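# A closer look at the structure
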Amino acid sequence: MKQIFRSKAAFVLGWIWVVFAAVMAADLIIRFNGAPSVVAGAVLAVLTALIYITSLRPATVLREDGVLVRNPFRDTFLPWTAIDDIRVSHAIQIEHGDGKIVRCWTPQASARERASATRRGTAPPRRGRFTADPTPTKAEQAALDAVAGRTHADFVAQQLTERMETAKRRAALTDPAPTEPPTPASPGPSPASPSRSWP
């Protein structure tokens with residue numbers, strides 16, 4: 001199953017800019033007045049290209065055979081079995097090969113988002129003797145504890161880790177480790193040739 005993860009805010013703002021740029025381009029064509037319109041059109045085109053590269057293009061695509069990391073200027077595809085480790089700091093880092101690391105442009109976890117996620121997993125303090133807020137049950141509190149401090153980047157990293165582990169287990173079952181061929185027995189000493197006495 002194919003899954004695409006990206007920054008929702010950047011994606012929405014990018015499309016808002018594309019609509020705005022289309023309207024402005026139509027206005028420049030209708031009210032064309034020579035060199036000023038050409039310069040304004042060039043500036044609009046450059047800004048639209050930058051918005052596309054930084055907001056609409058980046059994505060982390062989970063496929064059946066691996067993960068496609070689509071960064072602003074480079075695409076990197078990694079098979080699941082080639083991934084060694086997945087970590088999250090402010091961005092998702094995928095380690096592969098001999099210590100090589102691929103950083104995902106999106107999604108990212110800012111300090112503000114992580115603090116907000118931590119607050120979501122903490123029950124609000126009770127004020128006063130009586131309160132209208134019901135006390136969460138054990139199951140609800142366990143769910144709050146499970147998502148405490150988890151950002152969108154953490155969730156995507158978990159999906160990546162699960163896909164990687166599943167693919168490696170499947171590969172281990174279908175491709176067992178080859179057994180070493182038996183070493184041939186060393187030949188024994190050759191029988192001694194009969195001695196012959198001369199008269």
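Residues numbered from 1 in each chain as written. Predicted model: local features only at pLDDT ≥ 70, side-chain atom pairs only at ≥ 80, totals over all residues. Heavy atoms only, no water.

## Quick notes on the overall build of the protein
Helices and strands together make up the secondary structure of the protein, namely five helices and seven strands. Each helix (α) and strand (β) of the protein, taken in turn from the N terminus, gives the series β-α-α-β-β-β-β-β-β-α-α-α. Looking at the protein residue by residue over its 199 residues, the buried ones come to 25%. (Helix = DSSP H or I, 4+ residues; strand = E, 2+ residues; numbered from the N terminus. Buried < 20%, exposed > 50% of the residue type's maximum accessible area, 1.4 Å probe, protein only.)

## Looking at the side chain of Gln93
Relative to the assigned elements, Gln93 resides in strand 6 (residues 91-96). Side-chain polar atoms of Gln93 contact the side chain of Ser89, separated by 3.3 Å. Discounting residues that sit within four places of it in the chain, Gln93 has contacts with Asp85, Ile86, Arg87, Ile101, Val102 and Arg103. (Polar contact = N/O pair within 3.5 Å; in protein donor to acceptor, adjacent residues only side chain to side chain. Contact = heavy atoms within 4.5 Å.)

## Considering the pairing of strand 6
Counted residue by residue, strand 6 has five buried out of six residues, so it is predominantly covered. As paired elements, strand 5 (residues 83-88) and strand 6 share five bridges and run antiparallel to each other. Following the sheet pairing, Asp85 is matched in strand 6 by Glu95. Turn length for the strand 5-strand 6 hairpin, with the two strands adjacent in sequence and antiparallel, is two residues. Sheet topology note: the strand 6/strand 7 (residues 100-108) ladder contains five bridges and is antiparallel. When the sheet's bridge partners are listed, His96 is paired in strand 7 with Lys100. The turn joining strand 6 and strand 7, which pair antiparallel and follow one another in sequence, is formed by three residues; a positive phi near 60 degrees is taken by Gly97. (Pairing = 2+ DSSP bridges.)

## Some details on the pattern of salt bridges
Per the stated rule, a full pass over the model turns up five salt bridges. The shortest N-O distance in the salt bridge between Asp27 and Arg31 comes to 3.4 Å. Given a relative accessible area of 29%, Asp27 falls into the partly exposed group. Its salt-bridge partner being Glu95, residue Arg87 comes within 2.9 Å of it at the nearest N-O pair. Overall, the relative accessible area of 22% leaves Glu95 in the partly exposed class. Members of the salt-bridge network, linked through shared partners, are Asp85, Arg87 and Glu95. (Salt bridge = Lys/Arg side-chain N within 4 Å of Asp/Glu carboxyl O.)

## With respect to the sheet that holds strand 6
Pairing in this open sheet of three strands is antiparallel, and the strands run 5-6-7 from one edge to the other. The outermost strands of the open sheet, each flanked by one partner alone, are strand 5 and strand 7. Averaged over all pairs of adjacent strands, the angle between their axes in this sheet comes to 20 degrees, without regard to strand direction. Contacting strand 5, strand 6 and strand 7, helix 5 (residues 152-174) runs over the sheet at an angle of about 165 degrees to strand 5. (Axes fitted to C-alpha atoms, helices over the stretch in contact; angles between N-to-C directions.)

## Side note on the packing of aromatic side chains
Scanning the entire structure with this criterion turns up three aromatic pairs. When the centroid spacing of 6.3 Å and the interplanar angle of 75 degrees are considered together, the rings of Phe5 and Phe155 count as edge-to-face. Linking Phe5 in strand 1 (residues 3-5) with Phe155 in helix 5, this pair joins segments that are 150 residues apart in sequence. With a centroid separation of 6.4 Å and 80 degrees between ring planes, the pair formed by Phe11 and Trp15 is classed as edge-to-face. (Phe/Tyr/Trp six-rings, centres within 6.5 Å; stacked < 30°, edge-to-face > 60°.)

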